[in-house]
Amino acid sequence: MLQPSIYRLRLQDILMVCVLGLLCLGILMVQSAAMNITGQIGWHWNERGTKHLLFVAVALLTFFIVGHLDYRTLARSTGATSGVSWKSPVLWMFAAALLACIFVLIPHVGLAVKGARRWLPLGFTQVQPSELAKWAVVLFLAWTLSKSTAHLQPRMHIRGFFYTVLLLLPVAAICLFVVIEDFGTAVLIALCAVTILIAGRVKLWHLALIAPIAIAAGLWFMMHKSYRMTRMMSFRDPFASPEREGYHMIQSLLSFSTGGVFGTGLGRGVQKLGYLPEDTTDFIFAVICEELGIFGAILTIALYLGILYVAWQAIRQRKDGFGQLLAFGIGAMITLQALINIAVATVSVPPKGMSLPLVSAGGSGLVITSAALGLLYSVCRAKPDESLQDQPIGNLAVAV
């Protein structure tokens, strides 16, 4: 009889399967969504599909390189119980992300595409600073919260309201610059930050006192731009303006209705032929559902749930607070982004410019997300290190 260790998949193996599955799905669907009516019979690679394939190769290489590093090197520079130090690579990474978010707003430095200034030129490609900001916040909160609880008992809360405010100031600063570039990503960062803070045992009444200020700021930024309010109003009744604000939502719904249960077949979708805007990025889930039907939708969601399962099990297995919170933050960010994208495609929430992680066409976002998942891979495969055995973080110290 085979030993269980022989045929049982390790967490890192499950993560690898999910990442490879989503990347392969993305290759097929980006190529399919980018196809035009050419009169050619069969499957022919187009420029958009070939470019995405190259980025997937770089992303996959990044995933394996980062995955075979030791995530604990990000915390080891200051020791497990020595508190916060300016020498930490996490702080330098956070500062670099913040500076990138500032530079992209400078005219003639940041690139404006379709009226949005969201990209910084970097050689042959472009970098989206908001992608750096997402993961910089996850790393910063995971590292800071784990350091702050190093001397506390597992059931104790983090000290003082003033400390919570100081902890949130850097996050608020990076959200402030991201919201100018991309309102949807700023909301995503804020939601993920709140979940990490709750998991890190920040007192709920601290967050309750700060929440009205954050909500008021979010409402002001939403009303400050007329197109954001227009999107909110059109979401209530897309058919009131079917050729303008409601166009994206109606075409997305048509993709679902056309696909049905079994789909039209890979490459045989109709909505991508000039009807559905942003079919390779924001609304690629609609293309998946049209061509692969409900089975394609279930497969996509199952792969994201697989990543969430790996993150949850990694939390249960790790004994250091940094590893627990890092796994939690990565799982939360991937899951929330996928959930928001799918909700937008199904017209469950107002439209937001947000890609489907690992599936949508992209360059820097695809590579950076793969690097973050590489850190999760590193958390899963790391062996216990007695020098970094912090107390588990309260809510995350789940008995196996």
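What you see is a predicted model, and the numbers here were worked out from it, not measured in a lab.

Trainee: Explain the overall build of the chain to me, using residue names and the numbers behind them.
Mentor: Helices and strands together make up the secondary structure of the chain, namely 14 helices and three strands. Across the 400 residues of the chain, 50% fall into the buried class. Relative to all contacts within the chain whose residues are 6 or more apart in sequence, the contacts with residues 24 or more apart total 75%. Surface summary for the chain: the accessible area is close to 19,100 Å², and the carbon and sulfur share equals 68%.

Trainee: Can you break down unusual backbone geometry residue by residue, with the values?
Mentor: The phi dihedral of Arg201 falls on the positive side, at around 70°, and the residue is not glycine. Within the element layout of this structure, Arg201 appears in the loop between α8 (183–199) and α9 (204–224).

Trainee: Just give me the short version of the packing of helix α5 (residues 89–103) against helix α7 (residues 161–181), but keep the residues and values in it.
Mentor: In the contact formed by α5 and α7, the axes pass within 9 Å of each other and the chain directions differ by 30°. By the angle class used here, α5 and α7 are roughly parallel. Crossing of α5 over α7 shows left-handed handedness. Between α5, through Phe94, Ala97, Leu98, Cys101 and Ile102, and α7, the contact on the second element is made entirely by Pro170, Val171, Ala173, Ile174, Phe177, Val178 and Glu181.

Trainee: Could you give an account of the layout of surface pockets, with specific residues and numbers?
Mentor: Of the volumes computed, that of the second largest pocket is approximately 570 Å³. Taken together, 29 residues form the lining of the second largest pocket, with Met93, Leu132, Ile368, Ala371 and Ala372 sitting closest to its centre. Of all the secondary structure elements, the ones that give two or more residues to the lining of the second largest pocket are α3 (47–67), α4 (73–76), α5, β3 (125–127), α6 (129–148), α13 (321–345) and α14 (364–381). Here the element with the most residues in the lining of the second largest pocket is α14; it accounts for six residues. In terms of residue class, the lining of the second largest pocket is made up of 23 nonpolar, five polar and one charged.

Trainee: For the packing of aromatic side chains, give the residues involved together with the corresponding values.
Mentor: Counted under the stated rule, the structure contains seven aromatic pairs. Ring geometry for Phe63 and Phe64: centres 5.3 Å apart, planes at 70°, overall edge-to-face. Judged by its relative accessible area of 1%, Phe63 is buried. Summarising the aromatic geometry, the rings of Phe256 and Phe285 are spaced 6.1 Å apart at their centres and angled 50° between planes, so their arrangement reads as tilted. On the criterion of sequence distance, the pair formed by Phe256 in helix α11 (residues 247–259) and Phe285 in helix α12 (residues 284–317) is long-range, its members being 29 residues apart.

Trainee: Pulling in residues and values, what's your account of α8?
Mentor: Compared with an ideal rise of 1.5 Å per residue, which puts 17 residues at 24 Å, α8 spans 25 Å between its outermost C-alpha atoms and is within 8% of the ideal. If you check which residues of α8 are buried, you get Phe183, Gly184, Thr185, Ala186, Leu188, Ile189, Cys192, Ala193, Ile196, Leu197 and Ala199. A side-chain oxygen of the first residue of α8 lies 3.2 Å from the backbone nitrogen of Gly184; this N-cap is Asp182. Arg201 lies just past α8 and shows a positive phi near 70°.

Scoring rules and cut-offs
Residues numbered from 1 in each chain as written. Predicted model: local features only at pLDDT ≥ 70, side-chain atom pairs only at ≥ 80, totals over all residues. Heavy atoms only, no water. Helix = DSSP H or I, 4+ residues; strand = E, 2+ residues; numbered from the N terminus. Buried < 20%, exposed > 50% of the residue type's maximum accessible area, 1.4 Å probe, protein only. Contact = heavy atoms within 4.5 Å. Areas by Shrake-Rupley, 256 points an atom, 1.4 Å probe, with all protein chains shown as cover. Axes fitted to C-alpha atoms, helices over the stretch in contact; angles between N-to-C directions. Parallel < 35°, antiparallel > 145°, perpendicular 65-115°, else oblique. Left-handed = near helix turned anticlockwise from the far one by under 90°. 1 Å grid on protein atoms, 1.4 Å probe; cavity = no way out; pocket = protein on both sides within 12 Å on 5 of 7 lines; lining within 4 Å. Points joined across faces, edges and corners; volume = space filled by probe spheres on them. Nonpolar A, V, L, I, M, F, W, Y, C, P; charged D, E, K, R; others polar. Phe/Tyr/Trp six-rings, centres within 6.5 Å; stacked < 30°, edge-to-face > 60°. Expected span 1.5 Å × (residues − 1). Polar contact = N/O pair within 3.5 Å; in protein donor to acceptor, adjacent residues only side chain to side chain.

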